[in-house]
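# Observations on the model geometry
Spelled out from the first residue to the last, the chains are:
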Amino acid sequence: LAKTTQPISMDSYEGQEVNITCSHNNIATNDYITWYQQFPSQGPRFIIQGYKTKVTNEVASLFIPADRKSSTLSLPRVSLSDTAVYYCLVGKNRDDKIIFGKGTRLHILP
Amino acid sequence: NAGVTQTPKFRILKIGQSMTLQCAQDMNHNYMYWYRQDPGMGLKLIYYSVGAGITDKGEVPNGYNVSRSTTEDFPLRLELAAPSQTSVYFCASSKQFLAPANTGELFFGEGSRLTVL
């Protein structure tokens, strides 16, 4: 599992675009990049997954540069309800385990 | 579809007691997982299973046991509860993906909040 580094926390305002970047310098050739969202008192929820370039769905966009050593989750026009913890996962570890890091705590202000 | 169902949602245990957290999924997923989450922290993998009859340890397996007798159910057993096991426990499931490095989409239950006093 490629080690990931994300900001511990971020603040933003309603209506703005929020970009959360995840660093994964030792990503393996076959690794996919996956993001989850966790609201307070709930289990994480899958947001988006990608391998290279750009992926977009109804919730977010995921930008992956050519070297794949980082990825950016983009949330367009956030609202208060986007306040959550966002986790970046890359592949599995060498024991085939899916490990979550500490994530980024995003706080949206009115 | 119910998805992943966990019971109970809340439980208070005394030190030394034992209990089982139940987890069931109706999506015919091969893979199932148990995570714990301490306040303000990320998730830690306790045990996981890649199919009926197959289980393996995660990051923090001590003090817990699991079994997987059916595809649908993956109970987590706590023996001799300790205050350090106070946490929120999440069960999750996923399909088996052919690409080994693709974790796919994990579907989580709503969690079971356990307090050991």
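Residues numbered from 1 in each chain as written. Chains lettered and ligands numbered in written order. Predicted model: local features only at pLDDT ≥ 70, side-chain atom pairs only at ≥ 80, totals over all residues. Heavy atoms only, no water.

Another aspect to go through is the state of the cysteines. Covalently bonding the sulfur atom of one cysteine to the sulfur atom of another cysteine gives a disulfide. All told, the structure shown has two disulfides over all chains when counted by the stated rule. Here A:Cys22 is linked by a disulfide to A:Cys88, with a sulfur-sulfur distance of 2.2 Å. Handedness here is read from the sign of the S-S torsion; for A:Cys22 and A:Cys88, about -80°, the answer is left-handed. Here A:Cys22, found in strand S2 (residues 18-23), pairs with A:Cys88, found in strand S8 (residues 84-90); they are 66 residues apart in sequence, far enough to count as distant. Shown here is the disulfide that connects B:Cys23 with B:Cys91, its sulfur atoms set 1.8 Å apart. Across the S-S bond linking B:Cys23 and B:Cys91, the dihedral sits near -75°, which makes this disulfide left-handed. On the criterion of sequence distance, the pair formed by B:Cys23 in strand S3 (residues 19-25) and B:Cys91 in strand S9 (residues 87-94) is long-range, its members being 68 residues apart. The exposure classification of B:Cys23 matches that of B:Cys91, with both residues buried. (Disulfide = S-S within 2.5 Å. Helix = DSSP H or I, 4+ residues; strand = E, 2+ residues; numbered from the N terminus. Buried < 20%, exposed > 50% of the residue type's maximum accessible area, 1.4 Å probe, protein only.)

The next subject is the nonpolar core. Of all hydrophobic cores here, the largest spans 20 residues; its most connected members are A:Val18, A:Ile33, A:Trp35, A:Leu73, A:Leu75 and A:Tyr86. Residue assignment for this core shows that the elements contributing at least two residues are S2, strand S3 (33-38), strand S4 (45-50), strand S6 (61-64), strand S7 (70-75), S8 and strand S9 (104-109) of chain A. Membership of the second largest hydrophobic core comes to 19 residues, among which are B:Met19, B:Tyr89, B:Leu114 and B:Val116. (Core = buried A, V, L, I, M, F, W, Y, C linked by side-chain atoms within 4.5 Å.)

All names here are of chain B. Counted under the stated rule, the structure contains two salt bridges over all chains. With its nearest N and O atoms 2.8 Å apart, the salt bridge here joins Asp38 to Arg36. Accessibility expressed as a relative area gives 11% for Arg36, which makes it buried. Measuring nitrogen to oxygen at the nearest pair gives 3.2 Å for the salt bridge that ties Arg77 to Glu79. Relative accessible area serves as the criterion here: at 31%, Arg77 is assigned to the partly exposed category. (Salt bridge = Lys/Arg side-chain N within 4 Å of Asp/Glu carboxyl O.)

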